[in-house]
Structures are given as C-alpha cells and as structure tokens.
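What the coordinates show
These are the residues of each chain, in order.
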Amino acid sequence: MPPKRVAVMSPQTRLAHARRRQRGRWRLPRLEAAEAERAMRNYRLQRRRAITALVLLFGVLGALPVLFALWPGLDDIRFHGVPVSWLVLGIVPYPLLIALGRWHLRRAERAERR
C-alpha cells in the first residue's frame, strides 16, 4: 500500500479553509476612528514608498538598454572570453535589485513602527 500523501498548505490557505469551516459569516474587525485614520495614513505612506521603489526599479532596468545603445563597443570587450555586455546584463542588476529590495523593506518597516 503506497504511503498517504499529506498536502502542505500555506498559512493563507489554512486560514481560508478555517474561515470556511466556521459557521456564520467571517467579518473584518472594525477599527475605531483613530485607528482607521492611522491605518489609512500608513497605507498611503506605504503606497508612496512602494511607487518610489518601483520607479527606481524601472530606472535601473531601463538604464541597461540605454547603456548598451550608448556604448555598443561593450560587445567587443571580453572578460575571460565573455562579452562585457553579457556580464553587465547578467551580473550587475542583481546586487542592485537586492539593495533596492532591502532599502524598501527597511523603509516599510520603519513606517510600520510609527
């Protein structure tokens, strides 16, 4: 007899299944007026910060085609037999993206603590 497979569910899925099993409708908790206003301020601040991070992300990724258009000779320069343009495309963006993600996370956590 084959072993029984156990489905692994994410916490969100488990929560959704638990809500479905509860009797009655599940409702979001009501916030007091001051808490609701604070939540909306935090939401707006988080949204502005996310838009800033997205603009920087698209700036970094959008700068690559501009870089290649301005310096087409990057294809001719080789580093250990690999064109520098490939290295710029395959290696340079990732540390920048990680740094951008960490920067955004720190800003988001700082906003949450306020």
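Now for a look at the structure at hand. (Residues numbered from 1 in each chain as written. Predicted model: local features only at pLDDT ≥ 70, side-chain atom pairs only at ≥ 80, totals over all residues. Heavy atoms only, no water.)

**Overview of the overall build of the protein chain**
In terms of regular secondary structure, the protein chain is built from 4 helices and 2 strands. Ordered by position from N to C terminus, the α and β elements of the protein chain give α-α-β-β-α-α. Split into buried and exposed, the 114 residues of the protein chain put 14% on the buried side. Excluding contacts between residues fewer than 6 apart, the proportion of contacts in the protein chain whose partners are at least 24 apart in sequence is 60%. When the accessible area of the protein chain is evaluated, it comes to approximately 10,200 Å², of which 63% is carbon and sulfur surface. (Helix = DSSP H or I, 4+ residues; strand = E, 2+ residues; numbered from the N terminus. Buried < 20%, exposed > 50% of the residue type's maximum accessible area, 1.4 Å probe, protein only. Contact = heavy atoms within 4.5 Å. Areas by Shrake-Rupley, 256 points an atom, 1.4 Å probe, with all protein chains shown as cover.)

**So, the side chain of S85**
Secondary-structure assignment places S85 in helix α3 (residues 84–90). Apart from residues no more than four positions distant in its own chain, S85 is found in contact with F68, L74 and D75.

**Let's talk about a nonpolar patch on the surface**
A surface patch of nonpolar side chains, amounting to about 340 Å² of accessible area, comprises V66, L70 and W71. Here V66 is to be found in helix α2 (residues 33–70). (Patch = residues over 30% accessible without salt bridge, like charges linked within 9 Å, V, L, I, M, F, W, Y side chains within 5 Å. Salt bridge = Lys/Arg side-chain N within 4 Å of Asp/Glu carboxyl O.)

**Points about a positive patch on the surface**
Residues R38, R41, R44, R47 and R48 make up a contiguous surface patch of positive charge. Position of R41 relative to the elements: it lies in helix α2. R41 sits in the partly exposed class, given a relative accessible area of 49%. (Lys, Arg positive; Asp, Glu negative; His and termini not counted. Charge placed at Lys NZ, Arg CZ, Asp CG, Glu CD.)

**Thoughts on the packing of α2 against helix α4 (residues 93–113)**
Remark: α2 packs on α4, axes separated minimally by 10 Å, with the N-to-C direction vectors making an angle of 170 degrees. The orientation of α2 with respect to α4, classified from their angle, is roughly antiparallel. Here R38, N42, L45, Q46, R49, A50, T52, A53, L56, L57, V60 and L64 of α2 lie close against α4, whose contacting residues are P93, L96, L97, L100, W103, H104, R107, A108, A111 and E112. (Axes fitted to C-alpha atoms, helices over the stretch in contact; angles between N-to-C directions. Parallel < 35°, antiparallel > 145°, perpendicular 65-115°, else oblique.)

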